[in-house]
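Breakdown of the fold
Here are the chains, one letter per residue:
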Amino acid sequence: DKDLTSSGRTADDEYQRTIGALFAVFWIMRLDIDGKDSFCYGMDENWKIRDSSSTSWSDTHRDPEELTKRMAFHERTDWRAIQQLLMSAGLFQWQDSKRVHDEG
């Protein structure tokens, strides 16, 4: 099918996947601000950060286990290890006891 990309997905699917991946990196870079909630719970229909108490979880079209899984991931993830990964990759560095963006 000529409407599929080399991955076998539609261009729209690939676009959505790319934007999702960029959001994931953005949120992980903001772990110390609002990144944990954003990464785990996403955004609501008004682009506001959701958390475990957001009203959007009462939507009847959602899998009833979705919130439980997201909460478990939020609570059990080794966020410190993820931050260390970013530091090891050179995306952040410590300066005056603060984590700062490496602009170099």
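Refer to the preceding data block for the structure.
Residues numbered from 1 in each chain as written. Predicted model: local features only at pLDDT ≥ 70, side-chain atom pairs only at ≥ 80, totals over all residues. Heavy atoms only, no water.

Examining the overall build of the chain
For the chain, the count of helices and strands is four helices and two strands. Its helices and strands in sequence order give the chain the pattern α-α-α-α-β-β, from N to C terminus. Principal-axis analysis of the C-alpha atoms gives the chain an extent of 50 × 40 × 25 Å. Going through the 104 residues of the chain one by one, you find that 21% of them count as buried. (Helix = DSSP H or I, 4+ residues; strand = E, 2+ residues; numbered from the N terminus. Buried < 20%, exposed > 50% of the residue type's maximum accessible area, 1.4 Å probe, protein only.)

Overview of the packing of helix α2 (residues 31–41) against helix α3 (residues 66–76)
Between α2 and α3, the shortest axis-to-axis distance is 9 Å and the interhelical angle comes to 145°. Every pair of crossing elements has a handedness; the one defined by α2 and α3 is right-handed. Here Lys-36, Asp-37, Phe-39, Cys-40 and Tyr-41 of α2 lie close against α3, whose contacting residues are Leu-67, Arg-70, Met-71, Phe-73 and His-74. Class assignment for the residues of the contact of α2 with α3 results in six nonpolar, one polar and three charged. (Axes fitted to C-alpha atoms, helices over the stretch in contact; angles between N-to-C directions. Left-handed = near helix turned anticlockwise from the far one by under 90°. Contact = heavy atoms within 4.5 Å. Nonpolar A, V, L, I, M, F, W, Y, C, P; charged D, E, K, R; others polar.)

Observations regarding the nonpolar core
Ile-28, Met-29, Leu-31, Cys-40, Tyr-41, Trp-57, Trp-79, Leu-86, Met-87 and Phe-92 form the largest nonpolar core, which has 10 residues in total. Every element with two or more residues in this core is listed here: α1 (11–29), α2 and α4 (79–88). Non-local contacts of Trp-79, meaning those with residues more than four positions away in its chain, are made with Leu-31, Lys-36, Phe-39, Cys-40, Phe-73 and His-74. (Core = buried A, V, L, I, M, F, W, Y, C linked by side-chain atoms within 4.5 Å.)

With respect to the pairing of strand β1 (residues 92–95)
Pairing analysis gives four bridges linking β1 to strand β2 (residues 98–101), with the strands arranged antiparallel. By the bridge assignment for β2, Gln-95 is matched with Lys-98. Counting the residues in the hairpin turn of β1 and β2 gives two residues, including Asp-96, whose phi is positive at 50°. (Pairing = 2+ DSSP bridges.)

Things to note about the pattern of salt bridges
Oppositely charged side chains can pair when the atoms bearing their charge come close. What the rule picks out here adds up to four salt bridges. Here Glu-14 ties to Arg-9 by a salt bridge, and the two come within 4.0 Å at their closest N and O atoms. Its salt-bridge partner being Arg-30, residue Asp-34 comes within 2.9 Å of it at the nearest N-O pair. Residue Arg-30 is classed as partly exposed on the basis of its relative accessible area of 24%. Salt bridges sharing common partners tie together Arg-62, Glu-66 and Arg-70. (Salt bridge = Lys/Arg side-chain N within 4 Å of Asp/Glu carboxyl O.)

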